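Residue strings, one per chain:
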Protein chains: 2
Amino acid sequence: MKDCVFCKIIKGEIPCHKVYEDDYVLSFLDITPRTEGHTLVIPKKHYENFFELPDKEIKNYFKGVKRTAELLKTKLNAKGMNILNNNGEIAGQFVFHLHFHLLPKYEKGKELWPKQEYKGSLEDTMKKLKS
Amino acid sequence: MKDCVFCKIIKGEIPCHKVYEDDYVLSFLDITPRTEGHTLVIPKKHYENFFELPDKEIKNYFKGVKRTAELLKTKLNAKGMNILNNNGEIAGQFVFHLHFHLLPKYEKGKELWPKQEYKGSLEDTMKKLKS
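Residues numbered from 1 in each chain as written. Chains lettered and ligands numbered in written order. Predicted model: local features only at pLDDT ≥ 70, side-chain atom pairs only at ≥ 80, totals over all residues. Heavy atoms only, no water.

Here's the deal with the relation of the copies chain A and chain B
Superposing the two chain copies requires a rotation about an axis and a translation along that axis. As a reminder, the rule being used: Copies overlap after least-squares fitting; the atoms used are the C-alpha atoms of residues with pLDDT of at least 70 in both. Note on contacts: a residue pair qualifies if any of its non-hydrogen atoms lie within 4.5 Å across the two residues.
Aligned on chain B, chain A shows an RMSD of 0.0 Å; the corresponding rotation is 180° and the shift along the axis is 0.0 Å. Read as a symmetry element, the transformation amounts to a two-fold axis. Interface overlap between copies: 100% of the residues of chain A at the interface are likewise at the interface in chain B, consistent with a symmetric, same-surface contact.

Regarding the pattern of salt bridges
Just so we agree on the cut-off: What counts as a salt bridge is simple: a side-chain nitrogen of Lys or Arg found within 4 Å of a carboxyl oxygen of Asp or Glu.
All told, the structure shown has 26 salt bridges over all chains when counted by the stated rule. Residues joined by salt bridges that share partners form a network here, namely A:Asp55, B:Lys66, B:Arg67 and B:Glu70.

Section: the side chain of A:Thr68
Selection criterion: Secondary structure counts use DSSP, requiring at least four H or I residues in a row for a helix and at least two E residues in a row for a strand, with both numbered from the N terminus. Relative accessibility decides the category of a residue: with a 1.4 Å probe and only protein chains considered, values under 20% of the type maximum give buried, values over 50% give exposed, and everything between is partly exposed.
Topologically, A:Thr68 is positioned in helix 2 (residues 55–76). Since its relative accessible area comes to 0%, A:Thr68 is described here as buried.

Observations concerning helix 2 (residues 55–76) of chain B
Residue and element names in this part refer to chain B. To keep it simple, the criterion reads: Expected span of a helix, by definition, is 1.5 Å for each gap between consecutive residues, and there is one gap fewer than residues.
Between its first and last C-alpha, helix 2 extends 32 Å over 22 residues, near the 32 Å set by a 1.5 Å rise per residue. Among the residues of helix 2, Glu57, Ile58, Tyr61, Phe62, Gly64, Val65, Lys66, Thr68, Ala69, Leu72 and Leu76 are the ones counted as buried. Just downstream of helix 2, Asn77 is the residue with a positive phi angle, here 55°.

Regarding the sheet that holds strand 5 (residues 100–105) of chain B
Our working definition: At least two bridges found by DSSP between two strands is the condition for calling them paired. Every axis corresponds to a line fitted to the C-alpha atoms, with the helix fit spanning only the stretch in contact, and the corresponding angles, defined between N-to-C directions, vary from 0 to 180 degrees.
With antiparallel pairing, ten strands are arranged side by side in an open sheet as 1(A)-2(A)-3(A)-5(A)-4(A)-4(B)-5(B)-3(B)-2(B)-1(B). Either end of the sheet is taken by a strand with one partner, and the two such strands are strand 1 (18–21) of chain A together with strand 1 (18–21) of chain B. Pairwise comparison of adjacent strand axes, ignoring direction, gives a mean angle of 20° for this sheet. Relative to strand 4 (residues 80–87) of chain B, strand 4 (residues 80–87) of chain A is paired through seven bridges, and the arrangement is antiparallel. Paired with A:Asn87 across the two strands is B:Met81, which belongs to strand 4 of chain B. Of the strands in this sheet, strand 1 and strand 2 (25–29) of chain B touch helix 3 (residues 122–130) of chain B, which is tilted by about 130° from strand 2 of chain B.

Details of the environment of A:Ala91
Examined against the element boundaries, A:Ala91 turns out to sit in the loop between strand 4 and strand 5 (100–105). Overall, the relative accessible area of 9% leaves A:Ala91 in the buried class.

Quick notes on the packing of helix 2 of chain A against helix 3 (residues 122–130) of chain A
Residues and elements named next belong to chain A. Defined as follows: For this classification, under 35 degrees means roughly parallel, over 145 means roughly antiparallel, 65 to 115 means roughly perpendicular, and everything else is oblique. Any residue that is not Ala, Val, Leu, Ile, Met, Phe, Trp, Tyr, Cys, Pro, Asp, Glu, Lys or Arg is counted as polar, Gly included; the first ten are nonpolar and the last four charged.
Orientation of helix 2 relative to helix 3, taken along the N-to-C sense of each, is 95°, at an axis distance of 8 Å. Judged by the angle between their axes, helix 2 and helix 3 are roughly perpendicular. Where helix 2 approaches helix 3, its residues Leu71, Leu72, Lys75 and Leu76 are matched on the opposing element by Thr125, Lys128 and Leu129. The class makeup of the residues in the contact of helix 2 with helix 3 is four nonpolar, one polar and two charged.

A word on the interface of chain A and chain B
The criterion, for reference: What counts as buried area is the accessible surface, traced by a 1.4 Å probe, that two parts surrender upon association, with contributions from both included.
At the junction of the two partners, chain A supplies 35 residues and chain B supplies 35 residues. Of the roughly 3100 Å² buried where chain A meets chain B, counting both sides, 67% is carbon and sulfur surface. By the criterion of area lost to chain B, the three top residues of chain A are A:Phe51, A:Lys66 and A:Ile90, representing 24% of everything that side buries. For the pair chain A and chain B, the interface holds six salt bridges. A salt bridge links B:Asp55 to A:Arg67; the nearest nitrogen and oxygen atoms lie 2.3 Å apart. Where the side of chain A that touches chain B is concerned, the elements lending two or more residues are helix 2, strand 4 and strand 5 of chain A.

Here it is, written out as structure tokens:
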């Protein structure tokens, strides 16, 4: 969709730190990560939110979510993971192209959505993911 | 699974406020809701978390998540929705049977996971859901 920043990432018009890709989904590091490896998983076709995802796309999309989650868990040695999707501005959705957040967790007592950004470099995270 | 509280709910050994059910999933109101209509969606087969859900179950499970989300949105006139899954104790998982939380949202400025419980009665919510 024209003017959708995630569609531009899919087309390669905006760069990203790619974590996983297949025929149906693209996963990339969030540029304002809340934990190391905080990743967004988006379908390659434009759907505004979870409610717009057709039944026939459910399997391919969530298989991509699962593959991405497995990769993050293994490569980053995460001890747990929060999986989060916001629908509607009122629920904290800012980009209106369906995306699930994957937030790997490493320590006890950390908030669901840490107020502070993770300050490590995305390049260092990418090195671990590619190892 | 023996001693799993969610398996007992599926078997009818523990009661619940049922929101949606099909051959593969059961959805019921969270007993400590964070917003009106806060619902859990569980697969009828016991899987500890998202990582354990086999690929062949993905479509049936997330179709159930979607049907439940649609029902909550329509019947409760929600303006948005957060969809959340916690994997591992460190990420806030307390019951080790896969579940996604659906949190309908009605107002701007509410936290992702409100600290205060929603104080309305579950019976009143059920009346709206059945209307």
